[in-house]
Amino acid sequence: MGYLTGFMDYNRKDNQTRDPIERIRDWEEYSIRMEEDEFKRQGARCMDCATPFCHTGIEFDQSYLGCPVNNFIPEWNELVSDGDWKHALERLEETNNFPEFTGRVCPAPCEGSCTLAINDDPVAIKSIENEIIERGFENGWVEANPPAHRTGKKVAVIGSGPAGLAAADQLNHHGHEVTVYERDDRPGGLLMYGIPNMKLEKETIERRLNVLKEEGIQFECNVEVGVDITEAELRKQHDAIIVCTGAQAPRDVPADNRESKGIHFAMDYLKESTKALETDPDTASIHARGKNVIVIGGGDTGADCVATALRQECKRVVQFGKHPASPEDRTDDNPWPLFPMTFKLDYGYEESLKAYDEDPRKYEILTQSFDTDPNGNVVSLKTIGVEKVEEDGKLVTVEIDDSEQEWEVDLVLVAIGFTGPEKEVLDHFGLKLDERGRVWTVDGTEDYSTNQDAVFAAGDARRGQSLVVWAIREGREVAEQCHKYLVDEKETSFQAI
Ligand SMILES: Cc1cc2nc3c(=O)[nH]c(=O)nc-3n(C[C@H](O)[C@H](O)[C@H](O)COP(=O)(O)OP(=O)(O)OC[C@H]3O[C@@H](n4cnc5c(N)ncnc54)[C@H](O)[C@@H]3O)c2cc1C
Ligand code: SF4
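These figures come from a predicted structure and were not determined experimentally.

J.: I would appreciate a short explanation of the sheet that holds strand β20 (residues 455-457) in the present structure.
T.: Pairing between sheet strands relies on hydrogen bonds along the backbone, with the strands arranged either parallel or antiparallel. In spatial order, the strands read β7-β6-β5-β8-β20; together these 5 strands make up an open sheet with parallel pairing. Edge positions in the open sheet fall to β7 (218-220) and β20, since each of these has one partner strand only. Put simply, the sheet's adjacent strands are angled 20° from each other on average, direction ignored.

Given below as structure tokens:
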């Protein structure tokens, strides 16, 4: 603890955001970094409490607390308050392969578990993390560091999202030769083609990919495993395989006339919009310009659709959620240090409020049917209000009488989540699935082996749609298990089939 009374002397300050009206005119990141002296003050707010819950990363009672990669947060807070950015970076890199991703997009469960948050604003941990890594790149401290020795063992990682990248990074540093297979044209998974540029500019991903490539990791893009290359071919070329294929099978809305033109899955929309930015944003095949847009689904994917539609100059955008608005404060069943399930004004909602004088979120509403014009284009949709009531001791959602509404619409984006991993590649490997359709692994949490010899799984494919930081944690853990397998097994236990 560098400064004993910092938590009393300084108020929390966080990275600022650009003016909402200005930022919806471009696709650049909305966050602005603070000055160095401010970061030093923010680091000095850390109390270095005896039990740093911020660092724990524990799943508990269907919630979780603390940083899932167990970042040494109090240590780097102190180093930052002393202006010792280089040592702060060294400690940060010990636990997190990609702080530039989490420093931008992590919902920061660490801050919800910060001891200061019991009766004050938490330490600005996420902004500090981002600043450490940005200064690391700016000062040339983040550089390629290929392994001194190669083991001769080869690993195939399927999928290049944060789980696959973290696994590849760890195994490469153990000296194994790693090839990452990716069906998209660019590596990054949902970092590249899910999370929009406003939250995470794609140059930030490329910057990291260049380091990984210089360190010796091979990337094979435009290769769909199970289609362009078979399991047998992969097994011939590698000693172990790690499946990190995500959980991107979209959940559909069960409403009449769903097949009408103008209704798309959110992921198709977000991916097309991001791809178009490589050339001309106006060339996106699904575009919101001048349209009434309705986003079905109240979660984060829907929020990214709202922000994207605003940048494409939609006429109006609203977002339907079936749950009530979150409470302003923690409820009794969501105490500190659990992740706070409280009301937040995400960046897209703030932009809509400023630009259209409207929070786009409509709560407790269910879509029933779509109506079309004679050409099959969606022109309106009907909804009904819902509420949660207790029945036989359980909360159930029921429709409210006379609450039907009709909404004019030109573009509908379905963002009601994901049913789990896409099955094709999992079936191709003969992988056993759990009761929720995720890749089954031994004992659930700490063991990443599947039912197939020398095949491991990690990330969303194993845990279902989650967070970047959990994907990094799983990537790190699966790599350690795979490494142990490779060095323990002098003769790899499977041969070419
Ligand atoms: C729109 C959206 C926004 C999000 N925003 C945030 C956020 O702000 N913060 C946050 O923490 N989390 C966010 N998430 C969640 C986060 O992105 C995921 O939890 C995380 O990316 C999962 O990482 P992963 O590596 O397991 O899988 P993914 O990132 O899904 O990567 C899986 C990769 O495998 C590839 N693949 C699949 N099958 C094959 C095959 N057969 N052959 C080759 N390649 C294959 C896919 O193309 C993909 O690139 C968001 C998710 C979405 C959908
Ligand atoms: S990775 Fe997320 S939880 Fe961990 S310190 Fe960074 S912002 Fe906090």
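J.: When you look at the sheet that holds strand β13 (residues 361-362) in this model, what are you seeing that I'm missing?
T.: Spatial ordering of the open sheet is given by β10-β18-β11-β12-β13, a layout of 5 strands whose pairing is parallel. The sheet is open, and its two edges are formed by β10 (263-265) and β13, each paired on a single side. In this structure, strand β11 (residues 292-296) lies alongside strand β18 (residues 411-414), joined through 4 bridges in parallel fashion. Looking at the pairing, Ile 294 lines up with Val 412 of β18.

J.: Explain the environment of Val 253 to me, please; I cannot follow it from the model alone.
T.: Checked against the element boundaries, Val 253 lands in the loop between β9 (249-250) and β10. Separated by 163 residues in the primary sequence, Val 253 and Ile 416 have C-alpha atoms spaced 7.5 Å apart. Beyond its immediate chain neighbours, meaning those up to four positions away, Val 253 contacts Arg 258, Thr 367, Phe 370, Val 414 and Ile 416.

J.: How should I be thinking about helix α11 (residues 202-214) in this particular structure?
T.: Turn by turn, an α-helix covers 3.6 residues, leaving residues three or four places apart pointing in a common direction. Its 13 residues place the ends of α11 18 Å apart at the C-alpha level, agreeing with the 18 Å of an ideal helix rising 1.5 Å per residue. When α11 is considered as a whole, its buried residues turn out to be Lys 202, Thr 204, Ile 205, Arg 208, Leu 209, Val 211 and Leu 212. Elements in contact with the buried residues of α11: α6 (99-105), α8 (125-138), α9 (162-173), α10 (190-193), β7 and α13 (266-276). Once α11 ends, the next one or two residues include Gly 216, with phi positive near 115°.

What counts and what doesn't
Residues numbered from 1 in each chain as written. Chains lettered and ligands numbered in written order. Predicted model: local features only at pLDDT ≥ 70, side-chain atom pairs only at ≥ 80, totals over all residues. Heavy atoms only, no water. Pairing = 2+ DSSP bridges. Helix = DSSP H or I, 4+ residues; strand = E, 2+ residues; numbered from the N terminus. Axes fitted to C-alpha atoms, helices over the stretch in contact; angles between N-to-C directions. Contact = heavy atoms within 4.5 Å. Expected span 1.5 Å × (residues − 1). Buried < 20%, exposed > 50% of the residue type's maximum accessible area, 1.4 Å probe, protein only.

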